[in-house]
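Inside the fold
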Amino acid sequence: MSKFLDERYSGLAAYVPGEQPQDKKYIKLNTNESPFPPSEEVLKAVNESQIELLRLYPDPDGRVLTKKLADYYGVKPSQVFLANGSDDILNFAFMAYGANGRKSYFADITYGFYSVFANLHLSDYTEIPLEKDFNIDVNKFCGVDGIVFIANPNAPTGIALSLNEIEKIVKSNENNIVVIDEAYVDFGAESAVKLVDKYSNLLVVQTYSKSRSMAGARLGFAIGSEEIINDLHKLRYSTNPYNINRLTLVAGEKTIDSQSYYDDNCKKIIEARSYTKTELEKLGFSVLDSKANFLFAETDKIDGGELYLKLKEKGILVRHFTSERIKNFNRITIGTQEQMECLVETIKDILEGN
Ligand SMILES: *Cc1c(COP(=O)(O)O)cnc(C)c1O
């Protein structure tokens, strides 16, 4: 740290992304990316002539993509906000509605970026404990006095709330914004997009990084009331109006055109998830009921940190968190069926002492 850094940032604990070691080729099951490439249409569209156009600024309003998303989700273009990954949107939401002593609420075990943004923006935040079984007690999120962030399905547990439960939270917080972070919704949960016309305090956030095979392109979007979307545009135009590059916009458009390809991929992941859960349970793991593209699992046969290290030695990366309540767990991204079979065999070997 330099002596010049503003002291309000000196104690900031930054977000720690999943590791990307370069020493050898790993089966990468640690950052919830898709194991499948973008569709043929996307690959074709991001071509030489698009690359030549990089000399020009992108459309700061991403109008073509905005319109496609609006049509796909049955809302108006003025209800859609695009950003450089959904992290960008979460950042704007904290800035707009939870900064400088204003209150914010999220679970104690959830996406790690919420507390980072809360600290960055000097939010007066409360972490609401999950129940012993890692479920969310919806009542604890009802009628609070600040912005609410809920990942649905939650990360790293994978557990989803029903649309009714989400609606209960949104309805009871009419004086606060409720952000539903649906990074993993395409893997089996219900989207709250259907509720945006009914509740003007609801902001639904989604990403292209997981189900849409575009983590490297950085694209996220939010759907909400026109008023909220306008607030977000104001902040975006005050920081970086060109926050989505040209190639990403084109890729995002073609992704929507090939939705059935992505639906098929989600199906394959759901099948591989179910296979993996069953196999891990046979090996003595307890595995939370996941509606996401990962499983959160622990066993009393081996310490979570040790399993993580042994898997890494054998060329498989999973995500291990060190915080007290979840340190015996590992979060395992669902890859292809072959990758998951390899994971299961490798864990068998490790449990047998090899
Ligand atoms: C991965 C993830 C994000 C961030 O996604 P990007 O669009 O890649 O920034 C947001 N929320 C949750 C819960 C995630 O797991």
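Now for a look at the structure at hand.

This next bit is on the nonpolar core. Residues L69, I150, I169 and L202 are the most contacted members of the largest nonpolar core, which totals 50 residues. Excluding its chain neighbours within four sequence positions, the residues that come into contact with I150 are Y114, I136, F141, L161, I166, I169, V179, I180 and D181. Counting 31 residues, the second largest nonpolar core, distinct from the first, contains V287, F294, L311 and V344.

So, about unusual backbone geometry. A cis geometry characterises the amide bond from N152 onward to P153, with omega recorded as -5 degrees. Looking at where P153 falls in the secondary structure, it is placed in the loop between β5 (147-151) and α6 (163-171). In the Ramachandran plot, N32 falls in the positive-phi region, its phi being about 60 degrees despite a non-glycine side chain. Position of N32 relative to the elements: it lies in the loop between β1 (27-28) and α1 (40-45). Exposure remark for N32: the relative accessible area of 1% places this residue in the buried category. Even without being glycine, N100 reaches a positive phi, approximately 50 degrees. By the element assignment, N100 lies in the loop between α4 (86-97) and β3 (103-107).

Calculation notes
- Residues numbered from 1 in each chain as written.
- Predicted model: local features only at pLDDT ≥ 70, side-chain atom pairs only at ≥ 80, totals over all residues.
- Heavy atoms only, no water.
- Core = buried A, V, L, I, M, F, W, Y, C linked by side-chain atoms within 4.5 Å.
- Buried < 20%, exposed > 50% of the residue type's maximum accessible area, 1.4 Å probe, protein only.
- Contact = heavy atoms within 4.5 Å.
- Helix = DSSP H or I, 4+ residues; strand = E, 2+ residues; numbered from the N terminus.

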